[in-house]
Amino acid sequence: MNQRRSLFVITCIVFGYAFLYIPIFSMVVFSFNASKLVTVWDSANSPTLKWYHALLHNNEILDAAWISVKVALINACGAVILGTLAGFALARFARFRGRFVLSAMTTAPLVMPEVITGLSLLLLFVALEQAVGWPAGRGITTMTIAHMTFSMAYVTVVVQSRLATFDMSLEEAAMDLGARPLKVFFVITLPIVFPAVLSGWLLAFTLSWDDLVISSFTSGPGSSTLPMVVFSKVRLGVSPEINVLATITISVVTIIIVGVSLWMARSKRIATSPA
Amino acid sequence: MRAVLGRFKFGGRGLVVVLPYVWLMLFFVVPFLIVLKISFSDIDLAIPPYKPLWIWDGEHAPAITLNFNNYTFLFTDKLYVKALLNSLKVAFVSSMLCLLIGYPMAYGIARSRPAVRSVLLMLIVLPFWTSLLLRVYAWIGLLKANGVINNVLLHLGLIHEPLTMLYTPFAMYVGIVYSYLPFMILPLYANLEKMDWQLIEAAEDLGCRPWRAFLSITLPLSRNGVLAGSMLVFIPAVGEFVIPALLGGPNALMIGRILWDEFFSNRDWPVASAVAILMLLLLVPFMMWYQSIQAREAAASE
Amino acid sequence: MPKPTDPALKASPWTDSDAKPYVRVEKLTKSFGEFKAVDDVSLNIYQGEIFCLLGASGCGKTTLLRMLGGFEKPSSGRIFIDGEDMTGVPPYERPVNMMFQSYALFPHMTVEQNVAFGLKQDRVAKAEIRERVATMLELVKLGGFAQRKPHQLSGGQKQRVALARSLVKRPKLLLLDEPLGALDKKLREHTQFELIGLQHRLGVTFVVVTHDQEEAMTLASRIGVMDHGEIVQSGTPSEIYEFPSSKFVADFIGSVNIFEGRLIEDEPAYVRIASPELGGIIHVGHGISAASDTVVWAAVRPEKINMSTEAPTATDNVARGAVQDIAYLGDLSIYLVKLPTGKVVRVTQPNTSRHAEAITWDQQVYLSWDDSSPVVVTR
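Residues numbered from 1 in each chain as written. Chains lettered and ligands numbered in written order. Predicted model: local features only at pLDDT ≥ 70, side-chain atom pairs only at ≥ 80, totals over all residues. Heavy atoms only, no water.

Participant: Hey, could you go over the overall build of chain A for me, with residue numbers and the actual values?
Facilitator: Tallying secondary structure elements over chain A gives eleven helices and zero strands in all. When its helices and strands are written in sequence order, chain A yields α-α-α-α-α-α-α-α-α-α-α. Along the first, second and third principal axes, the C-alpha set of chain A runs to 75 × 65 × 35 Å. Considering only contacts in chain A between residues 6 or more positions apart, those separated by 24 or more positions represent 69%. By element, 70% of the accessible surface of chain A is carried by carbon and sulfur atoms, the whole surface being about 11,800 Å². Distance between charge centroids for chain A: 8 Å, based on 18 positive and 12 negative side chains. (Helix = DSSP H or I, 4+ residues; strand = E, 2+ residues; numbered from the N terminus. Contact = heavy atoms within 4.5 Å. Areas by Shrake-Rupley, 256 points an atom, 1.4 Å probe, with all protein chains shown as cover. Lys, Arg positive; Asp, Glu negative; His and termini not counted. Charge placed at Lys NZ, Arg CZ, Asp CG, Glu CD.)

Participant: An account of the interface of chain B and chain A is requested, with residue identities and associated values reported.
Facilitator: With 90 residues of chain B in contact, the opposing surface of chain A contributes 88 residues. Interface of chain B and chain A: buried area, both sides summed, is about 8,300 Å²; carbon and sulfur atoms make up 79% of it. For the pair chain B and chain A, the number of links is zero salt bridges. At the surface where chain B touches chain A, the tally comes to seven residue pairs in polar contact (both at pLDDT 80 or more). At 19 residues, helix α2 (residues 12–39) of chain B tops the list of elements feeding residues into the side of chain B that touches chain A. Of the residues contributing to the side of chain B that touches chain A, the split by class is 69 nonpolar, twelve polar and nine charged. (Buried area = accessible area lost by both parts, 1.4 Å probe. Salt bridge = Lys/Arg side-chain N within 4 Å of Asp/Glu carboxyl O. Polar contact = N/O pair within 3.5 Å; in protein donor to acceptor, adjacent residues only side chain to side chain. Nonpolar A, V, L, I, M, F, W, Y, C, P; charged D, E, K, R; others polar.)

Participant: Outline the environment of F252 of chain C, supporting the account with residue identities and numerical values.
Facilitator: Residue and element names in this part refer to chain C. For F252, the position within the fold is in helix α8 (residues 247–252). Considering only alpha carbons, one finds F252 and M99, 153 residues apart in sequence, at a separation of 26 Å. Apart from residues lying up to four places away in sequence, F252 is in contact with L54, G55, A56, Q213 and V225.

Participant: Describe in detail the interface of chain A and chain C, supporting the description with residues and values.
Facilitator: Listed per partner, the contact involves 23 residues of chain A and 24 residues of chain C. Taken together, the two surfaces of chain A and chain C that pack against each other cover about 2,300 Å², and 62% of this comes from carbon and sulfur. Applying the counting rule to chain A against chain C returns two salt bridges. Salt-bridge contacts for E172 of chain A lead to R66 of chain C; the nearest nitrogen and oxygen are separated by 2.6 Å. Taken together, the connections running from chain A to chain C amount to ten residue pairs in polar contact (both at pLDDT 80 or more). Sorting the residues of the side of chain A that touches chain C by element identifies α7 (168–176), α8 (181–210) and α11 (240–272) of chain A as the ones contributing at least two each.

Participant: How would you explain the confidence of the model for chain C if you had to name every residue and give the values?
Facilitator: Residue and element names in this part refer to chain C. For chain C, mean pLDDT is 89; residues scoring 70 or higher make up 96% of the total. A low-confidence stretch, residues 1–8 (pLDDT under 50), is modelled with eight contacts involving residues beyond four sequence positions or located in other chains. On the interface metric, ipTM, the complex scores 0.86, and its pTM is 0.82. (pLDDT = per-residue confidence, 0-100.)

Participant: How would you explain a nonpolar patch on the surface if you had to name every residue and give the values?
Facilitator: All names here are of chain A. A cluster of nonpolar side chains, namely I10, V14 and F15, defines an oily patch on the protein surface of about 320 Å² accessible area. Turning to its location among the elements, F15 is positioned in helix α1 (residues 7–30). For F15, a relative accessible area of 61% puts it in the exposed group. (Patch = residues over 30% accessible without salt bridge, like charges linked within 9 Å, V, L, I, M, F, W, Y side chains within 5 Å. Buried < 20%, exposed > 50% of the residue type's maximum accessible area, 1.4 Å probe, protein only.)

Participant: Got a sec to walk through the sheet that holds strand β12 (residues 271–275) of chain C? Specific residues and values, please.
Facilitator: Strand pairing in a sheet relies on backbone hydrogen bonds. The paired strands run either parallel or antiparallel. Residues and elements named next belong to chain C. One open sheet accounts for five strands, arranged β13-β12-β11-β14-β20; its pairing is antiparallel. With one partner strand each, in any of the chains shown, β13 (280–284) and β20 (375–377) form the two edges of the open sheet. Neighbouring strand axes in the sheet, compared pairwise and without regard to direction, differ in orientation by 40° on average. Inspection of the sheet shows strand β11 (residues 257–266) paired to β12 by four bridges, in the antiparallel sense. (Pairing = 2+ DSSP bridges. Axes fitted to C-alpha atoms, helices over the stretch in contact; angles between N-to-C directions.)

Participant: Talk me through the pattern of salt bridges; I want residue IDs and the actual numbers.
Facilitator: All names here are of chain C. Counted according to the given criterion, the structure contains 19 salt bridges over all chains. Its salt-bridge partner being E72, residue R66 comes within 3.1 Å of it at the nearest N-O pair. A salt bridge links K169 to D122; the shortest N-O distance between them is 3.4 Å. Note that K169 is positioned in the loop between α4 (155–167) and β7 (173–177) and D122 in the loop between α2 (111–121) and α3 (126–139), a separation of 47 residues in sequence.

Participant: Tell me about the nonpolar core, and please be specific about residues and values.
Facilitator: Residues I188 and F217 of chain A together with F106 of chain C are the most contacted members of the largest nonpolar core, which totals 222 residues. Setting aside residues no more than four positions away along its own chain, I188 of chain A makes contact with L170, A174 and K183 of chain A together with F106, H108, M109 and F117 of chain C. Listed in part, the 45 residues of the second largest apolar core include M136, L167, L176 and V208 of chain C. (Core = buried A, V, L, I, M, F, W, Y, C linked by side-chain atoms within 4.5 Å.)

Shown next as structure tokens:
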């Protein structure tokens, strides 16, 4: 391929990445700042780990984080199951009744403003409670259902696009060699699309972990998630502990994403090497 | 519900379709019908804080009282119309800014060497995986009166008094563009990556200058990527809540924020529902457009 | 060319009316909506054969093969294999295996696991699996590659893994979809003979789909030429080449000159055809079954035409023209000779001598052929 890049494009790239990363770096740097003023560097006492220590003893944040982990884990598993099924249906079944509706229902949550999704789900839960008595009040269950609904759409897109490039003769070959359809799915199809399913799982986990708006609508008393706690803190002004939280989040995400990407680049090379 | 289920043949294949179908029907489509219903009811000091739409005394046919007050209220009070128009403006300007910044970046990534490309791409995706809330929060630290940017500028002697940047429309635009940039770059990149660059060579071979070749070949061919990226920024930005709430200050009139306040502060669920329905009516055409672009793109790559 | 040598197998069972066909296809039709991909095909294939389905893309040959494998349900008709009705049996219960065009090697399994996959499905004992896989890998000369993953293999090696995987279950019938299509020309020729050798050693019946007539001629005991979902002619390679039953087959297999004409003399021992295209009479040294004065076509292969600068003595089967173009291919040369009627005739001449007095562009030449050379077809 031709490798010409104009000065203009290179400048844009440099500025674009600076724009994306300067805020992130500033949080990392100031997480080691001793001053409570956050953005004023206290060179006498910095760098320090005192805010890390403070964060690890902040029970409000730790409790919220625990709730977030629970919701995100259940959500990711549920969303992967539903999203994989939907992705499979859309990629494999050329024609079935309701195909258009299903594809619209899995695209819409990707762009739907969160306030609308959040409000509508809350009103559903309230109406359901009135009608059938379930769910009794709002909390982790309602939040998880809400998260699964929008994050399964992301899983669907990922799985569907992976299946679109799947060589169908692999499944036929397995059947030809005597494997029954269900076995073919578990022994051939699933292992090959596993990277896509895994990225769907990670995506669903992250979406749930980060979500503020939909959680705010669908949570109940005593089930504040980490973003909800952070939001109420940030509204009151900047806090050094949030910088620490951000730094930890960024480090964990970077390690996981880089690791998974490297692993996937390897398996992708295997899957797409010319037959 | 039974009618919907009955249309599928049960069995392995049927189950694959039915499970996600029923889930999305119940938790995605039905909720909108409830929002629609409540948008026609009256506010009530009760739990839940709205009056039932139909009252049935057991003898007469149910009396349905459709109440358009919430909608007339939205259009008589200038606040809502202004907020709606302002949201559209902010979302449009933000998508254009994202496009201006994102296109050259996506182009540069698509044309870089494969090894560099995967690193650049990962750097685009990485912020996308870290919490939006935390990244928006970072801008508070950068933009506020004694924040990083003002400190640097003061230190360099470029300004003598801190600039007011936080809680202005400027801060809100910065926040939206910053948060949604990856959503613009990724579909654009996906589109440009499939581009046959020999077309550009052919155009240049036929006497086209590079800039002209870009305008007459690359840009038209990346049309679907441009549209998809713009929709991915525009639609959610219209209803954005977090960024205006944190960066925009009290005067940032955004419809998502109005909905939030109606719901959480005023506890006026019917008006909040009416706002949601209005927003939805406005956005559905764009969503359908987005889906048709996606379908076209999928058809083109087969 | 190797032909079946096993004395138990008859050299040409299809000529024996008592021989029992191994695969029997009866009035098989497959329609996709209005379109008939396979149209009322009946076919007998005998044990130990290599039967090639030959045709252009879209002629229905792959659909026919996929119906034999059980991947497509026939719209009507029946398939019998070794006397058993297989029409509705799913692929995983058929004693048939297929080698896919893309090879379809499982990318997440090693060569050994790929080959063992089919045996595992049948719950063959572990020790036996190991032994049979090893034997099979030796047979396809991949003994040292058992632990490789498919992406670490060359195209030819992948092809042999796919072959080993489909043969290790000792199928009654092996279906091969464009088995050599992904290989380059040199490797393809070499592999063709390997494939025939392997087939003889194992005695498995092969059905091969190909669009490459050279491949079909090399591999096949018999060829079925397909067009628009129908088998238009089936026979041994030489039958198909020397006695095509229609203009389509004559034209599809090799190259041919076709002269349209009218039957003017129709005797049991010979016929004569007046061809305005040739500008003369074609004399054919055998009788044909067509009514007098009907339009027929005489097909003459380019290598069966003599070209000379001197006028031949005969008056039939002769034409005169000017050399319009010459293509030198090394072993032979192709001449395009334009007749006064406007018809361009293709002639090939072997380059037996290095310094033959060359016939050159625009030279006037005489074309002639033996009265056994033309084949007369009526459609």
